[in-house]
Amino acid sequence: MTMAASLQRAVELKRRGLMFILSSPSGAGKTTLSRRLLGKYKNAAKHESIVMSVSVTTRPMRPGEVHGKDYFFVDNAAYEKMVKNGEMLEHARVFEHQYGTPAAFVRDHTHKGIDVLFDIDWQGTRQLAAKNRDDLVSIFILPPSMRELERRLHTRAQDSDAVVKKRMEKATSEISHWQEYDYVLINQDIDETLEKIDCILKAERLKRVRQEGMGGFVQSL
Ligand code: 5GP
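**Student:** For this particular structure, what's the right way to read the overall build of the protein?
**Tutor:** The helix and strand inventory of the protein stands at nine helices and nine strands. Here the protein has a C-alpha radius of gyration of 19 Å; the compact-globule value for 221 residues is 17 Å, and the two agree. If you line up the protein on its principal axes, its C-alpha atoms span 65 × 40 × 30 Å. Taking all 221 residues of the protein together, 45% fall into the buried category. Surface summary for the protein: the accessible area is close to 12000 Å², and the carbon and sulfur share equals 54%. In the protein, 35 side chains carry a positive charge and 30 a negative one; their mean positions are 2 Å apart.

Listed below in structure tokens is the structure:
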């Protein structure tokens, strides 16, 4: 590797990891988008990799969900203990259940320059923004219409009619927070939305303030 190439490589590697947040009402496509974004970077080099923050929740497991992959499913006592011990980066009550982000995983990765993807609500986004504004990028995903949102919740078939009704009521209040986000996307077409999310990620990675190694590179020019 030439001297210039190795310097450029050092710059690329020296970057703080982003906290990349996707929020939306349930059923707007956020879970699929998160999975596909992670899939895109599955074999990426370290400075381009992104990992999912797996939350802790007291919500019962849905069919098909896996402990440690979708969530860490815990009881109230275990959850409260984590909160009390300061192990959560943020935490909130959503619907009837508690959700929180384990802090250690996020810190370990962002310190190494690895980006972390979050699927959290507006309450968690607010808490993270208050603490880590410089490292945070937030995207709100909107459904094309409320009718389409309801249709998606029904076809997902994971929740009862009563739960779907409650989620629809909640969606309106969730959506009312769209202006607190850096980016807002309407998820009409999943491929197009994924492309937009990837563009945002790529551009945000290149922001001057995040490229800690750039000063040294410029001096060496
Ligand atoms: P679900 O029960 O459908 O998986 O998630 C319900 C809502 O909780 C979603 O809007 C999701 O983004 C949010 N959520 C999931 N994990 C967390 C978390 O760790 N913190 C916060 N604040 N919200 C979360």
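Having seen the structure, we can now continue with the description.
**Student:** What am I meant to see in the sheet that holds strand β5 (residues 88–94) here?
**Tutor:** Strand pairing in a sheet takes place through backbone hydrogen bonds and is either antiparallel or parallel in direction. Strand order in the open sheet made by the four strands is β4-β3-β6-β5, with mixed pairing throughout. Since the sheet does not close on itself, it has two edges, and those belong to β4 (72–73) and β5, each with one partner. Along the sheet face, helix α4 (residues 103–111) touches β5 and β6 (97–102) and points at about 30 degrees away from the line of β6.

**Student:** Looking at this structure, how should I read the site of the ligand?
**Tutor:** In the vicinity of the ligand there are 19 residues, among which Ser55, Arg59, Tyr71, Tyr99 and Asp119 approach most closely. Take Asp119: an N or O atom from its side chain is 2.7 Å from an oxygen atom of the ligand. A distance of 2.8 Å separates a nitrogen atom of the ligand from a polar side-chain atom of Asp121. About the coverage of the ligand: the protein hides 95% of its 510 Å² of free accessible area. Breaking the shell around the ligand down by element, the ones donating at least two residues are β5 and β6. Residue classes in the shell around the ligand are distributed as six nonpolar, six polar and seven charged.

**Student:** Any chance you could explain the environment of Ile50 here in plain terms?
**Tutor:** Counting through the fold element by element, Ile50 comes out in strand β2 (residues 50–52). With relative accessibility at 6%, the residue Ile50 sits in the buried group. A C-alpha to C-alpha distance of 4.6 Å links Ile50 and Asp115, two positions 65 residues apart in sequence. Discounting residues that sit within four places of it in the chain, Ile50 has contacts with Phe20, Leu37, Leu38, Tyr41, Asp115, Val116, Leu117, Leu201 and Arg205.

**Student:** For this particular structure, what's the right way to read the nonpolar core?
**Tutor:** Inside soluble globular proteins, nonpolar side chains tend to come together where they are buried. Grouped together as the largest cluster of nonpolar side chains are 16 residues, with contacts concentrated most on Phe20, Leu37, Ile139 and Ile197. Mapped onto this core, the elements with two or more residues apiece are β1 (19–23), α2 (30–40), β8 (136–142) and α8 (190–205). It is α8 that provides the largest number of residues to this core, a total of four residues. Those residues in contact with Ile197 that sit more than four places away from it in its chain are Phe20, Leu22, Leu33, Leu37, Ile139, Ile141 and Leu185. Met19, Ala103, Val106 and Val116 belong to the second-largest nonpolar core, a separate cluster that totals ten residues.

Conventions adopted
- Residues numbered from 1 in each chain as written.
- Predicted model: local features only at pLDDT ≥ 70, side-chain atom pairs only at ≥ 80, totals over all residues.
- Heavy atoms only, no water.
- Helix = DSSP H or I, 4+ residues; strand = E, 2+ residues; numbered from the N terminus.
- Rg over C-alpha atoms; globule rule 2.2 N^0.38 Å.
- Buried < 20%, exposed > 50% of the residue type's maximum accessible area, 1.4 Å probe, protein only.
- Areas by Shrake-Rupley, 256 points an atom, 1.4 Å probe, with all protein chains shown as cover.
- Lys, Arg positive; Asp, Glu negative; His and termini not counted.
- Charge placed at Lys NZ, Arg CZ, Asp CG, Glu CD.
- Pairing = 2+ DSSP bridges.
- Contact = heavy atoms within 4.5 Å.
- Axes fitted to C-alpha atoms, helices over the stretch in contact; angles between N-to-C directions.
- Near = heavy atom within 4 Å.
- Polar contact = N/O pair within 3.5 Å; in protein donor to acceptor, adjacent residues only side chain to side chain.
- Nonpolar A, V, L, I, M, F, W, Y, C, P; charged D, E, K, R; others polar.
- Core = buried A, V, L, I, M, F, W, Y, C linked by side-chain atoms within 4.5 Å.

Interpretation in functional terms is not warranted from these geometric data alone.
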